[in-house]
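# Structural description and commentary
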Amino acid sequence: MIMGGGELPGLLVDEIGGIHGILHGHVALLKKHFYLITMKEFLENRKHMSKKVQAIYLWWHKPIIDRELLQSLPNLKVIANSGVGMDHLDLKLVASFGVKMANAPYAVSSSTADTGMALLLASARRLVEGYHVAISPGMEYCEADLLGVEVTGATLGIIGMGSIGYKIALRAKAFEMNILYHNRTRRKEQEEQAVGATYCEKIDSLLQQADFVMVVVSLTPQTHKLIGKREMELMKPTATLINISRGAVVDQEALVTALQTGVIRAAALDVTYPEPLPRLPSLLISQKPCQSPTRGRRHPCSRQGGICQRQPHHRLWRREIIHC
């Protein structure tokens, strides 16, 4: 990794530490191979630093990659994205500068699948609400419907059967769930048999049958608002929608309406748009925790849910962090 003159290649990062900065624990490893340059240092001495930068490391989608930045880095060779999704990047623009892209497609598959199952279980058994009932000062008893619904024997519909979707199926099998899935391409027969999954060629068929619908797709122009008013109306009124992909894959306004009017039972969200949600009355009520910051991609070796339940107030509730 040492350059001809003995100098390490420059790696541009947004900042070190802080809210959006790379983790301090990663710095030592990066410094073995790169000379780290923060955006602050780059902007203060752009003329000198621009030729040193050969790579950019994106953390929490920062630094922002735009034409101006790319034009100012004549020796840039690669941009490394710390997560899986790259919907925040203009890949055609990056490629037009002859710059290669890299991401981490498998590093967070297991932790994201774990989060999907955690949201499913917590929404089914109403754990977050139960926690707040249990610690409330005047608590004497719980209503019977606070027990939630059964997971064992229920039908899980997985939309997107890539590496994460398949790991979710493996976990759902352990809970003796019936598994349906919809994907652009069908899995091999032996892969289906290993998890007991049934392929639904049409997404509508899955939506009509599933007790829990889990969305595990990348955000593309084709999947933007993939789950909207029509799709929710196809779901059972007792069904729960779980989104661990990207917030914009679900039509959030349609989801609020579906919860308000009882079209579906509940929603469990690892992602929203925007993040965090604005403090709007239709999306927020303070007494009940329902959604938490994106944590499906949080893992000791990586960078990174929430529950929305239809209740008498008929609102989409939100809270920053779930403690249960």
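Notes on the structure follow. (Residues numbered from 1 in each chain as written. Predicted model: local features only at pLDDT ≥ 70, side-chain atom pairs only at ≥ 80, totals over all residues. Heavy atoms only, no water.)

## Focus on the overall build of the protein chain
Under the convention used in this document: In this description a helix means any DSSP run of H or I spanning at least four residues, a strand means any run of E spanning at least two, and both kinds are numbered starting from the N terminus. For every residue, the accessible area obtained with a 1.4 Å probe (protein chains only) is divided by the maximum for its type, and the residue is called buried under 20%, exposed over 50%, and partly exposed between those limits. Note on areas: these come from Shrake-Rupley sampling with a 1.4 Å probe, and a residue is covered only by the protein chains present in the view.
Each helix and strand in the protein chain was counted, giving twelve helices and twelve strands. Taken over 324 residues, the protein chain has a buried fraction of 48%. Surface exposure of the protein chain reaches about 16,400 Å², of which carbon and sulfur atoms provide 55%.

## Re helix H7 (residues 127-135)
How we decide: Here the arc refers to the set of directions running from the helix axis out to each C-beta atom.
Of all the positions in H7, only Val128, Glu129 and Val133 are classed as buried. Buried positions in H7, seen along its axis, are confined to an arc of 135° and lie on one side of it. Among the exposed residues of H7, those oriented more than 90 degrees off its buried face are Ala134 and Ile135.

## Quick notes on the pairing of strand E4 (residues 78-81)
We count it as follows: The pairing criterion is simple: DSSP has to find at least two bridges between the two strands. Seen with its strands pointing away from the viewer, a crossover is right-handed when the path leading from the first strand over the helix to the second is clockwise.
Covered by surrounding structure in E4 are Ile79 and Asn81 only, the residues Val78 and Ala80 on the alternate face being uncovered. Sheet topology places E4 next to strand E5 (residues 100-102); three bridges connect them, and they run parallel. Looking across to E5, one finds that Ala80 is bridged to Ala102. Between E4 and its parallel partner E5, the chain crosses via helix H5 (residues 91-96), and the hand of that crossover is right-handed.

## Concerning the environment of Arg265
Rule in force here: The definition of a polar contact used here is a pair of N or O atoms within 3.5 Å, where within protein one atom must be able to donate a hydrogen and the other to accept one, and adjacent residues in sequence count solely through side-chain atom pairs.
One can find Arg265 in the loop between helix H12 (252-260) and strand E11 (266-269). With 28 residues separating them in the primary sequence, Arg265 and Pro237 have C-alpha atoms 5.7 Å apart. Within the structure, Arg265 has its side chain in polar contact with the side chain of Thr240 (distance 2.9 Å).

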